[in-house]
Amino acid sequence: MTVKELKEQYKGKCAGTELYRYRDDIHEIHADSIFAVNDDCDDQEVCDFKLMGESEYNKTIYAHSTYTADFDDYFGDKNAKVLIIVLPE
């Protein structure tokens with residue numbers, strides 16, 4: 001499935017989408033194993049994805065960070081979900 005197809009599938013089910021790439025052969029959606037991608041990647045194949053709430057986001061994407069996600073502040077909804085899409089390394 002491509003990034004574009006996955007975004008279409010989850011359209012209206014998430015408040016935002018974030019795109020990452022795995023650092024190496026450890027495929028775990030966690031701050032230690034991914035880095036953010038800002039490229040136009042709509043036609044690339046998806047390696048992994050997860051729809052995350054605020055708590056899980058803080059434990060994975062913001063793990064080991066001084067930041068804490070506040071979805072009420074970010075999206076105006078404490079119960080919002082973010083679609084995390086990961087591309088292969």
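Before any of the text, the structure's been laid out above.
A few points on the structure. Nothing here was measured: the structure is a model prediction, and the numbers come from that model. (Residues numbered from 1 in each chain as written. Predicted model: local features only at pLDDT ≥ 70, side-chain atom pairs only at ≥ 80, totals over all residues. Heavy atoms only, no water.)

### Section: the pattern of salt bridges
- Considering all chains together, one arrives at three salt bridges under this definition.
- In this structure, the salt-bridge partner of Lys7 is Asp42, at a minimum N-O distance of 3.2 Å. With Lys7 in helix H1 (residues 3-9) and Asp42 in the loop between strand S2 (34-36) and strand S3 (48-52), the pair connects residues that are 35 residues apart, well separated along the chain.
- In this structure, Lys78 and Glu54 form a salt bridge, with 2.7 Å as the shortest nitrogen-oxygen distance. Of this pair, Lys78 sits in the loop between helix H3 (71-75) and strand S4 (82-87) while Glu54 sits in helix H2 (residues 54-60), placing them 24 residues apart in sequence.
- By relative accessible area, Lys78 is classed as partly exposed at 46%.
- Relative accessible area serves as the criterion here: at 15%, Glu54 is assigned to the buried category. (Salt bridge = Lys/Arg side-chain N within 4 Å of Asp/Glu carboxyl O. Helix = DSSP H or I, 4+ residues; strand = E, 2+ residues; numbered from the N terminus. Buried < 20%, exposed > 50% of the residue type's maximum accessible area, 1.4 Å probe, protein only.)

### Structural notes on unusual backbone geometry
- The residue His64 is not glycine, and still its phi comes out positive at about 65°.
- Structurally, the position occupied by His64 is in the loop between H2 and H3.

### Concerning the packing of aromatic side chains
- Throughout the structure, instances matching the rule amount to seven aromatic pairs.
- With a centroid separation of 5.5 Å and 65° between ring planes, the pair formed by Tyr57 and Phe71 is classed as edge-to-face. Note that Tyr57 is positioned in helix H2 and Phe71 in helix H3, a separation of 14 residues in sequence.
- The exposure class of Phe71 is buried, given its relative accessible area of 0%. (Phe/Tyr/Trp six-rings, centres within 6.5 Å; stacked < 30°, edge-to-face > 60°.)

### Details of the sheet that holds S3
- One open sheet holds the four strands; their spatial order is S2-S1-S4-S3, and the pairing between them is mixed. The outermost strands of the open sheet, each flanked by one partner alone, are S2 and S3. Direction aside, the axes of adjacent strands within the sheet are offset by 30° on average.
- Of the pairings in the sheet, the one linking S3 to S4 comprises five bridges and is antiparallel in character. Its bridge partner lying in S4, Leu51 is registered against Leu83. (Pairing = 2+ DSSP bridges. Axes fitted to C-alpha atoms, helices over the stretch in contact; angles between N-to-C directions.)

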